[in-house]
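Summary of the model geometry
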Amino acid sequence: MPHPMLSTLDPWLATAFWSALTIAFYLLAKRLYRRWPHWLLMPLALTPALLIVVVLLMHASYGDYMHGAGWLLTLLGPATVAFAVPIYEQRALIRREWPVLAFGMVAGSLTAIGTSWLLATLLGLNGALRLSLLPRSISTPFAMQVSQDIGGVPNLTAVFVVLTGVFGAVLGDMMLTWLPIRSSLARGAVLAIGAHGAGTARANQLGVEEGSIAGLLMVLVGLLNVLVATLLAALA
Amino acid sequence: MTAHHLSVRFRYGLRHSAPGQIVFLGLIWLFSQEVVRATGLPLTGGIVGLALVLLLLATRRISVLSLRRGASWFLAELLLFFIPAVLAVLNYPQLFGLLGLKIMVVILGGTVAVMGVTAMTVELSGKWRARHAASHALDA
């Protein structure tokens with residue numbers, strides 16, 4: 001049951017309310033995380049959690065929320081266009097290290113898709129749910145696109161991408177101390193290919209070199225997955 | 001004021017204005033959406049726009065200075081734009097039970113595997129390449 005006050009709300013007012021709330025919680029979460037960098041306060045986790053609490057308290061539905069704040073998703077389009085800039089700015093790195101970058105992306109992507117499929121099957125998950133899990137290691141705009149192409153549910157994929165980001169950032173720290181890797185190339189690659197944007201944010205904290213490698217790889221690995229999925233969808 | 005003069009002023013203004021660059025990226029995306037609609041390409045406007053911008057940058061038709069500030073903004077605030085999709089969990093209350101636990105196992109197990117394999121691949125292929133380059137240097 002939608003809240004009586006909310007369902008009588010003017011649509012423009014509802015849009016203003018849910019949009020302002022989303023932006024306010026996002027800015028608040030960013031500020032809190034800057035002050036206390038604990039993983040539970042990651043804006044990636046905290047912003048949706050706060051919004052879910054408000055939606056539930058107001059007895060609103062996902063539909064009500066989407067009517068109000070769904071327009072923000074449109075901005076993923078121009079954001080994807082913006083990914084051209086880090087690719088261009090890191091062209092020297094691509095020219096120098098392309099075989100290593102390519103090996104890492106292909107091996108990482110095959111592992112992501114293969115282990116998701118295998119573990120999901122072992123645990124009895126199947127159908128659209130299993131398909132929605134496959135692209136969870138790449139950045140959201142790419143992952144939602146891949147999910148669409150292979151017959152998953154893009155919104156579910158967005159949820160799984162966020163979970164991968166939150167836990168991947170924590171796992172990344174553990175793996176980097178535990179794994180016998182020393183090169184900044186490998187450290188950046190682990191974080192970007194394992195945990196997309198959240199991993200890239202961690203890589204930026206490790207160092208400038210790790211950060212730029214991660215920023216580039218996060219985009220390239222997403223692009224690689226989208227192009228392969230598009231090709232598969234076109235052939236099918 | 002000539003057209004050339006205006007174009008110079010426009011470019012100069014664009015290099016110093018983050019909001020201008022944000023709008024510029026939005027316009028490129030809208031144009032790319034139209035290209036996709038007109039040609040029936042199986043790609044999204046975002047991907048076509050990305051390719052278009054890379055092409056313009058590589059051929060020096062536009063300077064990276066005309067895009068850098070706007071692009072940084074889009075990349076820094078990326079999270080804000082997909083939050084509405086994440087709230088879709090509200091439609092799947094079953095995710096908060098055993099099913100959610102299984103999904104967590106898939107995500108945690110898969111992520112550890114991805115990180116391990118990526119680390120070993122990049123580290124080993126990097127070392128192999130360094131050795132390869134060294135032996136080539138000896139040949140020469």
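For the structure itself, consult the block above.
Calculation criteria
Residues numbered from 1 in each chain as written. Chains lettered and ligands numbered in written order. Predicted model: local features only at pLDDT ≥ 70, side-chain atom pairs only at ≥ 80, totals over all residues. Heavy atoms only, no water. Helix = DSSP H or I, 4+ residues; strand = E, 2+ residues; numbered from the N terminus. Rg over C-alpha atoms; globule rule 2.2 N^0.38 Å. Buried < 20%, exposed > 50% of the residue type's maximum accessible area, 1.4 Å probe, protein only. Contact = heavy atoms within 4.5 Å. Areas by Shrake-Rupley, 256 points an atom, 1.4 Å probe, with all protein chains shown as cover. Lys, Arg positive; Asp, Glu negative; His and termini not counted. Charge placed at Lys NZ, Arg CZ, Asp CG, Glu CD. Buried area = accessible area lost by both parts, 1.4 Å probe. Salt bridge = Lys/Arg side-chain N within 4 Å of Asp/Glu carboxyl O. Axes fitted to C-alpha atoms, helices over the stretch in contact; angles between N-to-C directions. Parallel < 35°, antiparallel > 145°, perpendicular 65-115°, else oblique. Nonpolar A, V, L, I, M, F, W, Y, C, P; charged D, E, K, R; others polar. Phe/Tyr/Trp six-rings, centres within 6.5 Å; stacked < 30°, edge-to-face > 60°. Lys NZ or Arg CZ within 6 Å of the ring centre and 35° of its normal.

**Considering the overall build of chain B**
Summing up its helical and strand segments, chain B has 6 helices and 0 strands in all. Helices (α) and strands (β) of chain B occur, in sequence order from the N terminus, as α-α-α-α-α-α. Taking 2.2 N^0.38 as the reference for a compact globule, 140 residues should give roughly 14 Å; the C-alpha atoms of chain B span a radius of gyration of 23 Å, well beyond that estimate. Dimensions of chain B, computed from the C-alpha atoms along their principal axes, are close to 65 × 65 × 35 Å. Looking at chain B residue by residue over its 140 residues, the buried ones come to 38%. Put simply, 46% of the contacts in chain B that link residues at least 6 apart link residues at least 24 apart. As presented, chain B carries roughly 7,800 Å² of accessible surface, and 69% of it is formed by carbon and sulfur atoms.

**As for the overall build of chain A**
Along the backbone of chain A there are 12 helices and 0 strands. Computed over C-alpha atoms, the radius of gyration of chain A comes to 19 Å, within 12% of the 18 Å expected from 2.2 N^0.38 for 236 residues, which places it in the range of a compact globule. When the backbone C-alpha atoms are referred to their principal axes, chain A occupies close to 60 × 45 × 35 Å. Buried positions account for 55% of the 236 residues belonging to chain A. Look at the contacts in chain A between residues 6 or more apart in sequence, and 63% of them connect residues 24 or more apart. The distance from the centre of the 12 positive side-chain charges to the centre of the 8 negative ones in chain A is 8 Å.

**Here we look at the interface of chain A and chain B**
Contact with chain A, which involves 92 residues of that partner, is made by 67 residues of chain B. Both sides together, the interface formed by chain A and chain B hides about 6,800 Å², and carbon and sulfur atoms give 83% of it. Applying the counting rule to chain A against chain B returns 3 salt bridges. Across the pair Arg 129 of chain B and Glu 97 of chain A runs a salt bridge whose closest N-O atoms are separated by 3.4 Å.

**Notes on the packing of helix H10 (residues 154–178) of chain A against helix H11 (residues 184–206) of chain A**
To characterise two packed helices, one gives the angle between the axes of the helices and the distance between these axes. Residue and element names in this part refer to chain A. In contact at an axis separation of 9 Å, H10 and H11 are set at 75° when each is read in the N-to-C sense. Of the possible angle classes, the one that applies to H10 and H11 is roughly perpendicular. Every residue of H11 that contacts H10 at Val 161, Thr 164, Gly 165, Gly 168, Ala 169, Gly 172, Asp 173 and Leu 176 is listed here: Arg 187, Val 190, Leu 191, Gly 194, Ala 195, His 196, Ala 198, Arg 202 and Leu 206. Residue composition of the contact of H10 with H11, by class: 8 nonpolar, 6 polar and 3 charged.

**Overview of the packing of aromatic side chains**
Between two aromatic rings, the relevant description is the distance of the centres plus the angle of the planes. A complete count under the given rule lists 7 aromatic pairs over all chains for this structure. Relative to Phe 74 of chain B, the ring of Trp 73 of chain B lies with its centre 5.1 Å away and its plane at 70°, an arrangement referred to as edge-to-face. Here Trp 73 of chain B falls in the partly exposed class, since its relative accessible area comes to 34%. Note on Trp 73 of chain B and Phe 81 of chain B: the rings are 5.7 Å apart at their centroids and 50° apart in plane angle, and the pair reads as tilted. Connected via pairs of aromatic rings, a cluster forms that spans Phe 17, Trp 18 and Tyr 65 of chain A. Seen from the ring of Tyr 88 of chain A, Arg 91 of chain A lies directly overhead, with NZ or CZ sitting 4.0 Å from the centre. One Lys or Arg, Arg 130 of chain A, reaches over the ring of Trp 117 of chain A and ends 3.7 Å from the middle of that ring.

**Side note on unusual backbone geometry**
Even without being a glycine, His 59 of chain A presents a positive backbone phi close to 55°. Among the structural elements, His 59 of chain A can be located in the loop between helix H3 (43–57) and helix H4 (62–69). Positive phi is not limited to glycine here, since Arg 60 of chain B has a value of about 60°. Relative to the elements of secondary structure, Arg 60 of chain B occurs in the loop between helix H3 (45–58) and helix H4 (68–76).

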